[in-house]
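Tertiary structure, described
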Amino acid sequence: MKRHFKSLIAACIAVCMVVCIGLFATACDDTTDKDHFVVTVQDEDGKGIANVGVQICANDGALTACLMDVFTNADGVSTIDISECVGATNFTIHLNGIPAGYIFEAGQDGVTVYVKDGYSTTITLKKGSANLPTPDIQTFNINLENTGAKQKVAPIIDEAGLYDLRSTNSFTVSEERFNLSEGYNSVLLYLEPNSIFSIGTATEETNFSCVLLKPSASTTDGKTKPHIVSEGSAIVLKLGANESAKFINPETHNNREGSNAIVDGINFKATMNETVITDSFPIAIGREFSVSAVNNSNLVVLKFNSPENTVNVNIGESKNFSVMLMPSGNSLKWITETYYVTFTVEQSGYYKISLSSAFEQDKISITQTGSSIHYPTATEHSQTEGKEYYAVYELRAGETYKAYVSSSVNYLTFKDDTENAIFKEGDTISYTALVEKLDNYSAV
């Protein structure tokens, strides 16, 4: 009887497993990666097509928006992070940079997929005309002999306009009329048919890829809808004698909080709040400005960089630095949230990092100090934020450390005897940093 009972139980388990596997596989399997959607782009022979830009647009859920293109790898596979698209039930997929000789039958309308059918799909491109116009996206593989070398690039251009040059690597770009040598990840370039420019590297990487997007796929004309100011980017545009272009430093950019930036460039005249500016200037989050050309060359170069936020000091020598104040909502704060005091340690031991402000009612502090591999805990520090602040750390020889300095003050709240604000936008506050080695110090 026991043997038959055990056999009956085993049979029931087997049936349940068959039902689960055969009829309810999706419900039983909780291993599906729901934070990513995988798109495979292939030809009619089943061979993957590389360097195709895949864009996913969420049609419902928490984020109804189009995500940045993710390019297919050598196998034609693009893995897209959709973790922000909580609750989305369906997406529309668009393809950019389809190589000549292939056609995406869905065209600009894209193809709609439903997550109930799974988190992956395959798109087959069919053979089409080999005489297609300029591709929406062109890919350049950069292979440099050394970090000082440059590679000439001759893109396919059939109409003059602004083309978006992008790379995950920081690159430089130049030609006869301009030289962007600081290093950027995104540059809008005014290009004409037969344009040739050179790409270099701003890092140690000598082998990387850049993509070039057509005007219709990447930009506006800067007249009806302003260009975006984004730190780490630049723009080279052509403006006629009576033309101007608009710019905005947005509150958010690519689903991330915006940041203050420094605008610099060549042959530009900027107008912001009816003030004309021809030199480098800061642009606060949320601000707009317009730009026109100064001379007859008509070619305007603008660079958008991060505000200066680092001071390098030598052990035992005090160093002065200044921080500009910029509006942030209804506050007036440092132009950059954190300032970095960097120094190199030659001997292991205890070091005291001291900071002082020229403003009596300031509240500064060191939030942390560390190198690329060592983040020690302070053995001693000031009890409260104030005009003067210090922290003591046990540091290692041969390491370059960075102290993270910040202020918790809204400088707009300070008034003089007549209730006028002491500080205004663009004012600076002076600070002094000092790093000392404590030879006779012992941690409590």
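Heads up: these notes are all about the structure in this document. (Residues numbered from 1 in each chain as written. Predicted model: local features only at pLDDT ≥ 70, side-chain atom pairs only at ≥ 80, totals over all residues. Heavy atoms only, no water.)

**A short note on the packing of aromatic side chains**
- Scanning the entire structure with this criterion turns up 16 aromatic pairs.
- Note on Phe-281 and Phe-289: the rings are 5.3 Å apart at their centroids and 90 degrees apart in plane angle, and the pair reads as edge-to-face. Like Phe-281, the residue Phe-289 is buried in the burial classification.
- Between Phe-359 and Tyr-411, the ring centres sit 6.1 Å apart and the planes meet at 50 degrees, which makes this aromatic pair tilted. Placement of the pair is Phe-359 in the loop between strand 31 (349–357) and strand 32 (364–370) and Tyr-411 in the loop between strand 35 (399–407) and strand 36 (428–438), with a sequence separation of 52 residues. (Phe/Tyr/Trp six-rings, centres within 6.5 Å; stacked < 30°, edge-to-face > 60°. Buried < 20%, exposed > 50% of the residue type's maximum accessible area, 1.4 Å probe, protein only. Helix = DSSP H or I, 4+ residues; strand = E, 2+ residues; numbered from the N terminus.)

**A short note on a negative patch on the surface**
- A contiguous patch of negative charge, built from Asp-33, Asp-35, Asp-81 and Glu-84, is present on the exposed surface.
- Relative to the elements of secondary structure, Asp-81 occurs in strand 4 (residues 77–81).
- Residue classification places Asp-81 among the partly exposed positions, given a relative accessible area of 44%. (Patch = residues over 30% accessible without salt bridge, like charges linked within 9 Å, V, L, I, M, F, W, Y side chains within 5 Å. Areas by Shrake-Rupley, 256 points an atom, 1.4 Å probe, with all protein chains shown as cover. Salt bridge = Lys/Arg side-chain N within 4 Å of Asp/Glu carboxyl O. Lys, Arg positive; Asp, Glu negative; His and termini not counted. Charge placed at Lys NZ, Arg CZ, Asp CG, Glu CD.)

**Here's the deal with the sheet that holds strand 22 (residues 268–272)**
- The sheet built from 5 strands is open, its strands ordered 16-18-25-22-23 with mixed pairing. At either margin of the open sheet sits one strand with a lone partner, and together these are strand 16 (227–228) and strand 23 (275–277).
- Where strand 22 and strand 23 come together, 3 bridges link them in antiparallel fashion. Within strand 23, the residue paired with Met-272 across the bridge is Thr-275. (Pairing = 2+ DSSP bridges.)

**Digging into the pairing of strand 34 (residues 388–395)**
- One ladder, built from 8 bridges, connects strand 31 with strand 34; its direction is antiparallel. Across the sheet, Ser-356 pairs through a bridge with Glu-388, a residue of strand 34.
- Looking at chain direction, strand 33 (residues 380–381) and strand 34 are connected through 2 bridges and run antiparallel. Bridge pairing links Glu-380 to Val-392 in strand 34.
- Hairpin connection between strand 33 and strand 34: a loop of 6 residues separates the two successive antiparallel strands.

**Here's the deal with the sheet that holds strand 27 (residues 310–312)**
- What the 4 strands build is an open sheet, ordered 27-30-35-32; its pairing is mixed. Edge positions in the open sheet fall to strand 27 and strand 32, since each of these has one partner strand only. In this sheet, neighbouring strand axes are inclined to one another by 25 degrees on average, regardless of whether the strands run parallel or antiparallel.
- As paired strands, strand 27 and strand 30 (residues 339–345) are joined by 3 bridges and run parallel to one another. Bridge pairing links Asn-312 to Thr-342 in strand 30. (Axes fitted to C-alpha atoms, helices over the stretch in contact; angles between N-to-C directions.)

**Observations concerning unusual backbone geometry**
- Positive phi, close to 55 degrees, is recorded for Asn-273, a residue that is not glycine.
- The backbone of Glu-419 shows a phi angle near 65 degrees, a positive value even though the residue is not glycine.
- Within the secondary structure layout, Glu-419 lies in the loop between strand 35 and strand 36.

**Some points on the environment of Leu-188**
- As for its placement among the helices and strands, Leu-188 is situated in strand 13 (residues 178–191).
- Classification of Leu-188 as buried rests on a relative accessible area of 15%.
- Considered as a pair, Leu-188 and Val-236 are 48 residues apart in the sequence and their alpha carbons are 6.1 Å apart.

**Brief notes about the environment of Asn-312**
- Tracing the backbone shows Asn-312 in strand 27.
- When the C-alpha atoms of Asn-312 and Thr-342 are compared, they prove to be 4.9 Å apart, with 30 residues separating the residues in sequence.
- If near-sequence neighbours (up to four positions away) are discounted, Asn-312 is found in contact with Lys-319 and Thr-342. (Contact = heavy atoms within 4.5 Å.)

**Points about the side chain of Lys-303**
- By the secondary structure assignment, Lys-303 is in strand 26 (residues 299–305).
- Reaching out from Lys-303, the side chain makes a polar contact with the side chain of Glu-182 at a distance of 3.0 Å.
- Ignoring anything within four residues of it in the chain, the contact list for Lys-303 reads Leu-180, Glu-182, Tyr-184, Ser-233, Ala-234, Ile-262, Val-263, Asp-264 and Gly-265. (Polar contact = N/O pair within 3.5 Å; in protein donor to acceptor, adjacent residues only side chain to side chain.)

**Structural notes on the nonpolar core**
- Residues Trp-334, Ile-366 and Tyr-411 are the most contacted members of the largest nonpolar core, which totals 32 residues.
- For this core, the secondary structure elements donating two or more residues are strand 28 (319–328), strand 29 (331–334), strand 30, strand 31, strand 32, strand 34, strand 35 and strand 36.
- Here Tyr-411 is in contact with Leu-325, Leu-332, Lys-333, Trp-334, Phe-359, Asp-362, Phe-423, Ile-429 and Tyr-431, once residues within four sequence places are set aside. (Core = buried A, V, L, I, M, F, W, Y, C linked by side-chain atoms within 4.5 Å.)

**A closer look at the state of the cysteines**
- In the structure shown here, the tally under the stated rule is 1 disulfide.
- What pairs with Cys-57 in a disulfide is Cys-66, and their sulfur atoms sit 2.0 Å apart. Disulfide Cys-57-Cys-66: the torsion about the S-S bond is 105 degrees, which places it as right-handed.
- Taking the relative accessible area as the measure of exposure, Cys-66 reaches 45% and is therefore partly exposed.
- Cysteine Cys-85 shares no disulfide, and the gap to the nearest cysteine sulfur, in Cys-57, comes to 9.4 Å. (Disulfide = S-S within 2.5 Å.)

**Topic: the pairing of strand 26**
- Within strand 26, 6 of the 7 residues are buried, which leaves the element mostly enclosed by the surrounding structure.
- As defined by bridge partners, strand 21 (residues 261–266) adjoins strand 26 across 5 bridges and the pair is classed as antiparallel. Opposite Ile-266, over in strand 26, you have Val-301 as the bridge partner.

**So, the side chain of Ser-167**
- You can see Ser-167 is positioned in strand 12 (residues 161–175).
- From its side chain, Ser-167 meets the backbone nitrogen of Asn-169 in a polar contact 3.0 Å long.
- Separated by 2.8 Å, the side chain of Ser-167 and the backbone oxygen of Ser-209 make a polar contact.
- Ignoring any residue separated from it by four or fewer positions in sequence, one finds Ser-167 in contact with Asn-185, Phe-208, Ser-209 and Cys-210.

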